[in-house]
Amino acid sequence: MTTTETSPPPAATGRRHVDRLVRAHRGRFAWSYAFQVVGGVAPLLQVLLLRSVVDGLVEERTVGTQVAWQVAGMFALGLVGVWAAYAAKVVSTGAAGAVIADMQSSMFRRLTTMPIHFYTTVRPGAVVSRLTSDAHGAEAMYTSVYPVVVSGVTTIVASVAIVAVIDPRLVVLLVVIPVAIAYVRKAEARINELIGKSFDVTKELASTAETFVSRDGAVLARQHGRTRHEQAHFEEHARELAVLSAATAKAAATSGASYGTAFVAITAGALGMGVWLVAEQNVTVGSVILIVLYLQQLQAPVQSLLNTRYPRMRSSIALDRVEAVLAAGPTGDEDAAPSTRPGTATAAEPSPAGPGRDDPAPALLMRGVRYRYPAVASYSIDGLSHAGDALSIAWLPLTGLDGNIRPVAVARDESEHANALDGIDLAIGRGEVVAVVGSSGAGKSTLAGIAAGLVDCDEGVVEVAGRTLRDLDEDRRAQLVAYIPQEPYVLHASVRDNLRYANPDATDAELLDVLRAVALDDLVRQLDDGLDSVIGEKGHRLSGGERQRLAIARAALKRPALVVLDEPTAHLDTSTEARVRAAMGELFGDAGVLMIAHRLSTVRHADRIVVLEGGRVVQAGRHEVLAQEPGRYRVLLESSSQDALS
Ligand SMILES: Nc1ncnc2c1ncn2[C@@H]1O[C@H](COP(=O)(O)OP(=O)(O)OP(=O)(O)O)[C@@H](O)[C@H]1O
């Protein structure tokens, strides 16, 4: 059954992981809030002193020592206010920076230890955005929103309390504030409508940009003569966005002006009432000045508090997205890599036999191995997997979201998959080369992934050189098994660094030896900087076959007990293939080799061929024998020779 459902907002289940990271820095945050409170109260105390100065002058008409002290006190309070605000800023940005760094590191830890299938569902751009703009979007909560709330609430509460102490009737004037806020909220409804439209248009822009500023998208548009059309489409949306932005800004300005008008009315009312109270001899002149100043001073914090609404929503969305990553994965615990289970052997433990050559255990032993792919929902992350519909925070409008933005709907594939591997028993001896063949979907790549320890089987046991793979940590597993995928990854780094990624202690002589074995020594010699030449994404590019040979050389440097190759020679011409095959004996010594073959031409020389069908081993033997027997291998052989002829 396949259902489509909208995921509940992660906030609904709390932000357990994010909160834990924030709590680690709570001491620094407490200091910053304490400074905020001091910074908020100091200007109010200044005004209190001003009242005493004015009243002293009005009553005594002399400037005595007391006034001098009061002026000095105002100066001191001014300094306390300024430097407390400074300290609050420095401490809160420092603490927020530390929290963001922790969030990024925890997300990276989580994202690099997700089940291997996760990476087939993920959009690289979305991951980068989650690690950078979402993390920094969350930062505003700690550097802008909370500090403004703390200082704003302090100022408002203290001002209202002082005004009420002078004359409680004056507090009536503050009724204008909720009225003004109600009006502002109404204007916001209009703003939010406009923002909602901008959001949709922005999504369209983002999607057009992501689609057509990519190689595949550009080829698609050019092939169909649609480049101009896509440019016009983008321009139309960009203009629409500009119109919406202007309308939003106008609505925001109107609401701001209305709010300002309310405070002008409050100030005038306070002045009128104050004059009346002075005439009635209920309050002093100094108190009237103080009241007017306090009420005016309320405008900024109330406005700032209102203005935190949108940054708060943006940060909230960003925090939910960070939480979604941290809570993802089978354990939901970002600190525990799935590969590290209690009781697993660690790299520091001495290796009893190591991947050693003298170990009598077979290179690979699989007993009763069953594996079923889990439902996508169990390893996907909202907005990262199946994305395309999730915007990065950087694309969100700067002001105004109506709070209705929810994590996007993710198609949940709850369907029960069939067993991809259904009871595999397989042993590969030391120095033996076993090729695995089978029709598309037979389970070859799944078998390779399980033998390489990238995926843990549901049932059964996988041992490499006598060590159970699931009991080993990543380092020990990596020492024992070398896996060479069909499209090996070459780092954007020098040839030397690429090779030493497998064995940082390898000498240049060892590097040149393995390069020679895979027929890459001439190429490296021709590069400007030899082993120091940068290859990979930029700089010198390697062909598919050269990448594979580099990966084989890299794997050989580990001296593994088991080598798992996914169609290792797919990109090679016949003579290079023969040379590499010969070199593999020299390179891997008595390591067992499990070779996944999608082309039958590459398997003839294998010591044994294993034929998979529907996740089971249906035939096994040498090519010469299997080719004579009626069975699946002969069918595959016949269809592949027909393909070759056609
Ligand atoms: N990530 C996945 N989620 C669910 N099912 C999967 C996934 N990957 C593979 N499968 C299924 O598992 C079965 C075995 O797939 P596998 O990739 O191992 O086959 P294969 O023999 O390597 O095929 P090919 O030669 O086409 O690469 C297939 O039915 C496939 O549809």
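Fair warning: this is a prediction, and the values are worked out from it, not measured in the lab.

**Student:** Can you walk me through the environment of asparagine 419 in this structure?
**Tutor:** Take asparagine 419: it is sitting in strand β4 (residues 419–428). By relative accessible area, asparagine 419 is classed as partly exposed at 25%. Filtering out sequence-adjacent residues up to four positions away, asparagine 419 remains in contact with Arg370, Tyr371 and Arg372. A distance of 3.2 Å separates polar atoms of two side chains, one belonging to asparagine 419 and the other to arginine 372. In this structure the side chain of asparagine 419 is engaged in a polar contact, spanning 3.2 Å, whose partner is the side chain of aspartate 422.

**Student:** Just to check I follow, could you spell out the site of the ligand for this structure?
**Tutor:** Around the ligand, 12 residues are found, and the nearest of them are Ser440, Gly441, Lys444, Ser445 and Thr446. Serine 440 is positioned with one of its side-chain polar atoms (N or O) 2.6 Å from an oxygen atom of the ligand. Look at the ligand: alone it shows 640 Å² of surface, and the protein chains cover 63% of it. The element contributing the most residues to the shell around the ligand is helix α11 (residues 444–451), with 3 residues. Across the shell around the ligand, the residue classes break down as 3 nonpolar, 8 polar and 1 charged.

**Student:** Would you mind showing me how to read the sheet that holds strand β10 (residues 592–596) here?
**Tutor:** Within a sheet, neighbouring strands are paired by backbone hydrogen bonds and run either parallel or antiparallel to one another. Taken in spatial order, the 6 strands of this open sheet run β8-β9-β10-β5-β11-β12, and their pairing is mixed. Whereas interior strands pair on both sides, the edge strands pair on one side only; in this sheet they are β8 (481–484) and β12 (616–621). Direction aside, the axes of adjacent strands within the sheet are offset by 20° on average. Where strand β9 (residues 562–566) and β10 come together, 5 bridges link them in parallel fashion. Following the sheet pairing, valine 564 is matched in β10 by leucine 594.

**Student:** Is there a simple way to think about the UniProt feature "transmembrane region" (unreviewed entry) in the chain in this case?
**Tutor:** The UniProt feature table records "transmembrane region" (unreviewed entry) at residues 30–54, 74–101, 145–164, 170–187 and 259–279. A distance of 40 Å separates the end C-alpha atoms of residues 74–101, which is 100% helix and 0% strand. Taken end to end, residues 145–164 is 100% helix and 0% strand, and its two terminal C-alpha atoms sit 28 Å from one another.

**Student:** I keep staring at the pattern of salt bridges and nothing clicks. Help me out?
**Tutor:** As a working rule, side chains carrying opposite charge can pair if their charged atoms are close by. What the rule picks out here adds up to 20 salt bridges. Put simply, arginine 496 and aspartate 508 hold a salt bridge, and the shortest N to O gap is 2.9 Å. You can see arginine 496 sitting in helix α13 (residues 495–500) and its partner aspartate 508 sitting in helix α14 (residues 508–517), a full 12 residues away along the chain. Look at aspartate 508 and you get partly exposed, because its relative accessible area is 31%. Its salt-bridge partner being glutamate 638, residue arginine 634 comes within 3.7 Å of it at the nearest N-O pair. Taken together, the positions of arginine 634 and glutamate 638, both in helix α19 (residues 632–645) and 4 residues apart, correspond to about one turn of that helix. Salt bridges sharing partners connect three or more residues here, namely Arg370, Asp422, Glu459 and Arg616.

**Student:** I keep staring at unusual backbone geometry and nothing clicks. Help me out?
**Tutor:** As a rule of thumb, non-glycine residues mostly have phi less than zero, and peptide bonds are mostly trans rather than cis. Even without being a glycine, alanine 519 presents a positive backbone phi close to 60°. Looking at the secondary structure, you find alanine 519 in the loop between α14 and α15 (521–526). With a phi close to 50°, arginine 559 is a non-glycine residue in the positive phi region. Residue position: arginine 559 is located in the loop between α16 (544–556) and β9.

**Student:** What is the right way to look at the pairing of β10 in this model?
**Tutor:** Remember that side chains alternate between the two faces of the sheet whenever the strand is regular. With respect to burial, β10 is a largely interior element, 5 of its 5 residues being buried. Neither face of β10 is left uncovered, since the one carrying Gly592, Leu594 and Ile596 and the one carrying Val593 and Met595 both have all their residues buried. Examined bridge by bridge, strand β5 (residues 433–437) and β10 share 4 bridges and lie parallel to one another. The residue bridging alanine 435 from the neighbouring strand is methionine 595, located in β10.

**Student:** Teacher, can you tell me more about the confidence of the model for the chain here?
**Tutor:** Interpretation of this model should avoid reading the predicted coordinates in detail wherever pLDDT is low. Looking at the chain, pLDDT values average 80 and 85% of them are 70 or higher. Segment residues 1–12 is flagged for pLDDT under 50; beyond a separation of four residues in sequence, or across chains, it makes 22 contacts in the model. Within the model, pLDDT remains below 50 along residues 332–357, and this stretch shows 63 contacts once partners closer than five positions in the same chain are excluded.

The rules behind these values
Residues numbered from 1 in each chain as written. Predicted model: local features only at pLDDT ≥ 70, side-chain atom pairs only at ≥ 80, totals over all residues. Heavy atoms only, no water. Helix = DSSP H or I, 4+ residues; strand = E, 2+ residues; numbered from the N terminus. Buried < 20%, exposed > 50% of the residue type's maximum accessible area, 1.4 Å probe, protein only. Contact = heavy atoms within 4.5 Å. Polar contact = N/O pair within 3.5 Å; in protein donor to acceptor, adjacent residues only side chain to side chain. Near = heavy atom within 4 Å. Areas by Shrake-Rupley, 256 points an atom, 1.4 Å probe, with all protein chains shown as cover. Nonpolar A, V, L, I, M, F, W, Y, C, P; charged D, E, K, R; others polar. Pairing = 2+ DSSP bridges. Axes fitted to C-alpha atoms, helices over the stretch in contact; angles between N-to-C directions. UniProt positions renumbered as here; feature names shortened; annotations may be inferred. Salt bridge = Lys/Arg side-chain N within 4 Å of Asp/Glu carboxyl O. pLDDT = per-residue confidence, 0-100.

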